[in-house]
Amino acid sequence: MSQRHMILGFGAAALIAGALWANSHSYAEPAARVPAPRADEAPRAHLETIVVAGGCFWGVQGVFQHVKGVNQAISGYSGGSRANAHYELVGTGETGHAESVRITFDPRIVSYGKILQIYFSVATDPTELNRQGPDVGSQYRSVIFAADATQKKIAEAYIAQLDKAHVFGAPIVTRVDSFRAFYPAEGYHQDYATLHPDNDYIAENDLPKIEALRRLFPALYRPQAKLVGTAGE
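These remarks concern the structure in this document. The residue numbers shown here count from 1 along each chain, following its written sequence. In keeping with the predicted nature of the model, local features appear solely for residues at pLDDT of at least 70, side-chain atom pairs appear and are counted solely at 80 or more, and the whole-chain, interface and lining totals rest on all residues. Hydrogen atoms and water are omitted, and side-chain values are computed over all heavy atoms in the structure.

Remarks on the environment of Val228
Our working definition: Strands here mean DSSP runs of E at least two residues long; helices mean DSSP runs of H or I at least four residues long; both are numbered from the N terminus. With a 1.4 Å probe rolled over the protein chains alone, any residue whose accessible area is under 20% of its type maximum counts as buried; one over 50% counts as exposed, and the rest are partly exposed. In what follows, a contact means two residues having at least one pair of non-hydrogen atoms within 4.5 Å.
Following the sequence through the fold, Val228 ends up in the segment after helix H8 (200-216). Since its relative accessible area comes to 22%, Val228 is described here as partly exposed. Each C-alpha atom, one on Val228 and one on Asn71, is 9.2 Å from the other, the two residues being 157 residues apart in sequence. The contact partners of Val228, leaving out residues within four places of it in the chain, are Gln61, Gln65, Gln72, Ala73, Ile74, Gln190 and Asp191.

Thoughts on the side chain of His66
Topologically, His66 is positioned in the loop between helix H3 (57-64) and strand E2 (70-78). Apart from residues lying up to four places away in sequence, His66 is in contact with Ile210, Leu213, Leu220, Tyr221, Arg222, Pro223, Gln224 and Ala225.

Remarks on the packing of helix H5 (residues 112-123) against helix H6 (residues 149-164)
Put simply, the rule is: Every angle, taken between N-to-C directions, lies between 0 and 180 degrees, and every axis is a line fitted to C-alpha atoms, over only the stretch in contact when it is a helix. For classification purposes, an angle smaller than 35 degrees is called roughly parallel, one larger than 145 roughly antiparallel, one from 65 to 115 roughly perpendicular, and anything else oblique. By convention the crossing between two helices is left-handed if the near helix lies anticlockwise of the far one by an angle smaller than a right angle, and right-handed if it lies clockwise. Any residue that is not Ala, Val, Leu, Ile, Met, Phe, Trp, Tyr, Cys, Pro, Asp, Glu, Lys or Arg is counted as polar, Gly included; the first ten are nonpolar and the last four charged.
One way to put it is that H5 packs onto H6 with a least axis distance of 11 Å and a crossing angle of 45 degrees. The orientation of H5 relative to H6 falls into the category oblique. The way H5 lies across H6 gives a crossing that is right-handed. Contacts between H5 and H6 involve Tyr112, Leu116, Gln117 and Phe120 from the former and Gln151, Ile154, Ala155, Tyr158, Ile159 and Leu162 from the latter. Residue composition of the contact of H5 with H6, grouped by class: eight nonpolar, two polar and no charged.

Describing the packing of H5 against H8
At a minimum axis separation of 9 Å, H5 and H8 run at an interaxial angle of 125 degrees. The angle between H5 and H8 places the two elements in the oblique class. Relative to H8, H5 is oriented so that their crossing is right-handed. Along its contact with H5, which presents Ile118, Val122 and Ala123, the element H8 presents Lys209, Ala212, Leu213 and Leu216. A per-class count over the contact of H5 with H8 returns six nonpolar, no polar and one charged.

Here we look at the pairing of strand E7 (residues 175-178)
The following threshold applies: Here a strand pair is declared whenever DSSP counts at least two bridges between the two strands. A clockwise course of the path from the first strand over the helix to the second, judged with the strands pointing away from the viewer, identifies a crossover as right-handed.
Bridge count for strand E6 (residues 142-146) against E7 is four bridges, and the pairing is parallel. When the sheet's bridge partners are listed, Ala146 is paired in E7 with Ser178. With H6 bridging E6 and the parallel E7, this β-α-β connection has right-handed handedness.

Right, dumping it as structure tokens:
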């Protein structure tokens with residue numbers, strides 16, 4: 001069971017214990033700006049969508065809500081069926097789902113390749129298998145759910161490029177799977193990093209990712225997060 005799941009599941013006593021534990025254990029992945037992909041999509045005049053997973057969806061959503069050109073980033077589940085797309089079931093690691101984020105973006109402002117570069121730079125550690133930091137299980141795996149053959153080809157080529165350049169200290173284990181379905185998570189999971197900045201889990205694991213985005217991608221950093229509730233504005 002992850003520290004985050006413990007905080008949500010066991011009430012006030014767990015909140016206190018989790019806070020004390022988090023104060024002495026920081027699991028935020030070190031961020032480093034990786035090279036941009038050599039191949040990218042041709043510019044398009046309409047919004048695009050990509051679904052990515054890389055650990056707790058709170059942090060991944062929080063990162064992309066601060067990226068200029070992202071119209072919406074919504075937390076949810078992908079990789080399993082509609083029937084078991086519920087937090088408590090996904091948390092067992094037995095549903096096939098990964099905690100995921102569906103990113104809708106304007107490629108005239110931020111390209112698909114740039115989305116991938118941000119993902120590998122600050123949103124996830126692509127060398128961790130079936131875990132991210134304190135969260136362990138296949139539901140926290142690193143995976144890109146490509147919307148079409150072009151997205152899949154570019155993502156696979158980018159992973160090969162980064163591995164060949166030995167950008168990370170270990171091989172990349174991020175999978176590239178074809179997109180099948182995405183199921184939005186429960187409402188209380190949406191915008192969590194913005195709404196709960198004082199939560200110890202968020203402070204230790206997710207706010208450093210958003211700060212890394214600001215530091216490494218200043219031209220694309222948006223100080224005001226584009227929340228799910230304001231995505232249509």
